[in-house]
Amino acid sequence: MHTFVRPSTFTLADVDRKLNAAKLSLPKAQQLTPPDSSSEGGSSPSEADYFPEFPSEEVRPLDQCIAIFEKGPRPASASLALLNDEEVIQLADAGKIAAYALEKLLGMDALERAVRIRRALISRASSTQTLESSAIPHESYDYSRVLGACCENVVGYIPIPLGVAGPLKVDGVSYPIPMATAEGTLVASTSRGCKALNAGGGVTTVLTADGMTRGPAIDFPSLVQAGQAKAWIESEEGYSALRTAFESTSRFAKLKSLKTALAGRTLYIRFTTATGDAMGMNMISKGTEKALDALQKRFPGMVILALSGNYCTDKKPAAINWIEGRGKSVVAEAVVPGHVVKNVLKTTVQDLCNLNIKKNLIGSAMAGSIGGFNAHAANILTAIFLATGQDPAQNVESSMCMTLMEPTNDGEDLLISVNMPCIEVGTVGGGTVLGPQQGVLDMLGVRGAHPTQPGKNAQTLARIIASAVMAGELSLMSALAAGHLIRAHMAHNRSQVNTPAPSAPVTPGPQSNTVPAQLARSNSGRSPFSPLTPLTPSMSQLSLSKLRR
Ligand code: ADP
């Protein structure tokens, strides 16, 4: 290994001398572009290729750094390789380098260095100055997959614990359920649900629809023209013209339907398309743009206000998604044997069904919910979204779910289903290009494009998610139902002598001297399962408190 002793003053001549020395010892393919070369292209050798231990930690004056940066070897990354981090920071502070362009300037071999330098720049300019030395990790990450695809102005990455629930049998195949979450008990609870579902033979799923949507807003100069455009789009000729234009953009984009609506002179068109294994927003946006070009040829006076006019509807609650579906629409069902409900879930079929009606159906109806007829679908779905590189903001509509429960087999067993019309997932594109997320998709056997049936990987992922949501629903609903039983048991069957006093005093009410309402009901032979039953702390209640939704 070479050891360079830095002279006390270091000039461009020294740089040239060292460059020349390095040039002699480098293989031809790695030799440096001469300093005066105007060539900007080509791949730049890494800094270690020039001088293994160069530059040192000594920070040269700004004018020297500027001279090296501006007059040194090209491309610029070769000059910046001659400067240490503090010297590059100096250049950025002096306005010679934009922090957002560090990756471009430093080159593909120095992506982690770009992140390190940006952290320092942002940290030192902030009021707290903590970022640089914070616990936010930035090393050992493949930033080449992030660049130009996943994130800008990168300063590191946020690790989230990854747990695995299950395995869960879905359509006859056993899958580990990956969940990235910081919510304690979520993975354990989902695992319990998986165990109960497996005991009944697992989950069966049906994919009822697969179509991503985009809904542009278009203004027309008159209502009459807007009406004509609507009619043309709905005609065979219009639909066919738009479809041809739309499908010219990708071999995976297959237009499935167009739904139109008028509001005054503004026309909304909801494009629905198959997107293969991609979640599809990029793909459908490109197709929609082309289709609108075709529409514009027919109606030159129209003005495209926005490619997304919220008629899609992406990342916002909307009844149109709940009713028409968006992404993958999945219905999943399972039968859980009565003895499993009793022994694993510690409750009864009857109590589960009753609670499901009162909470997930009537409670949500009373709250005016759209698609929120479930206990905590978003919990499981979002954890799997994060683990598999999905767009987490799409949990808004993807979590829409109606959970249904009814007794079956003469009331012995539980029939449960989850109905999820908008699971928006992909196994190519977006965050699925990142290595760790790909590792998770590999574990499920659904990474990337399906080799023979485009779309099958993404559809399988949607089926797994719906089934895992069912496990989460079953477990939490059982915990709530069982908690109810425990409370009733504590209030009515335990010796008063041995029952510890509640940790929080019961709020005194006007009838505090009278017989407690729930006891009165119990004594009169009515249901002891009253919501007024006082809470006595217990282990199951403590763990319940975290998952209560
Ligand atoms: P999105 O449309 O979800 O935002 P991207 O545009 O990032 O996703 O990725 C989709 C790209 O992947 C498209 O360019 C498409 O040509 C390519 N691709 C390769 N194989 C497939 C596949 N099986 N299904 C969908 N897209 C695929």
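Attention in this report is confined to the structure presented alongside it. (Residues numbered from 1 in each chain as written. Predicted model: local features only at pLDDT ≥ 70, side-chain atom pairs only at ≥ 80, totals over all residues. Heavy atoms only, no water.)

Focus on the pattern of salt bridges
According to the stated counting rule, one finds 18 salt bridges in the structure shown. Ionic pairing is found between K328 and D210, a salt bridge with its closest N-O pair at 3.0 Å. Taken together, the positions of K328 in strand β8 (residues 327-336) and D210 in strand β3 (residues 204-214) put the pair 118 residues apart, joining distant regions of the chain. (Salt bridge = Lys/Arg side-chain N within 4 Å of Asp/Glu carboxyl O. Helix = DSSP H or I, 4+ residues; strand = E, 2+ residues; numbered from the N terminus.)

Focus on helix α3 (residues 62-71)
Looking only at α3, the buried set comprises C65, I66, I68 and F69. End-on view of α3: buried residues confined to an arc of 165°, all on one side of the axis. Of the exposed residues in α3, the ones pointing more than 90 degrees away from its buried face are D63 and K71. (Buried < 20%, exposed > 50% of the residue type's maximum accessible area, 1.4 Å probe, protein only. Arc of directions from axis to C-beta.)

Side note on the packing of aromatic side chains
Scanning the model with the defined rule gives 7 aromatic pairs in all. Note on Y141 and Y143: the rings are 5.2 Å apart at their centroids and 50° apart in plane angle, and the pair reads as tilted. With a relative accessible area of 6%, Y143 lands in the buried category. Judged by centre distance (5.9 Å) and plane angle (55°), the rings of Y268 and Y311 are tilted. On the criterion of sequence distance, the pair formed by Y268 in strand β6 (residues 266-274) and Y311 in the loop between β7 (303-306) and α12 (319-324) is long-range, its members being 43 residues apart. Here Y268 falls in the partly exposed class, since its relative accessible area comes to 23%. Using a relative accessible area of 16% as the deciding quantity, one classes Y311 as buried. (Phe/Tyr/Trp six-rings, centres within 6.5 Å; stacked < 30°, edge-to-face > 60°.)

Focus: the site of the ligand
Contacts to the ligand come from 14 residues, most closely from D277, G280, N282, M283 and A449. A distance of 2.7 Å is found between a nitrogen atom of the ligand and a backbone nitrogen or oxygen belonging to D277. In the model, an oxygen atom of the ligand is placed 2.6 Å from a nitrogen or oxygen of the G280 main chain. Relative to its unbound accessible surface of 560 Å², the ligand loses 74% to contact with the protein. Among the detected pockets, the ligand sits in the largest pocket. For the shell around the ligand, the class distribution of residues is 7 nonpolar, 6 polar and 1 charged. (Near = heavy atom within 4 Å. Polar contact = N/O pair within 3.5 Å; in protein donor to acceptor, adjacent residues only side chain to side chain. Areas by Shrake-Rupley, 256 points an atom, 1.4 Å probe, with all protein chains shown as cover. 1 Å grid on protein atoms, 1.4 Å probe; cavity = no way out; pocket = protein on both sides within 12 Å on 5 of 7 lines; lining within 4 Å. Sits in = over half its atoms within 2 Å of the grid points. Nonpolar A, V, L, I, M, F, W, Y, C, P; charged D, E, K, R; others polar.)

What is shown is where atoms sit, not what they do.
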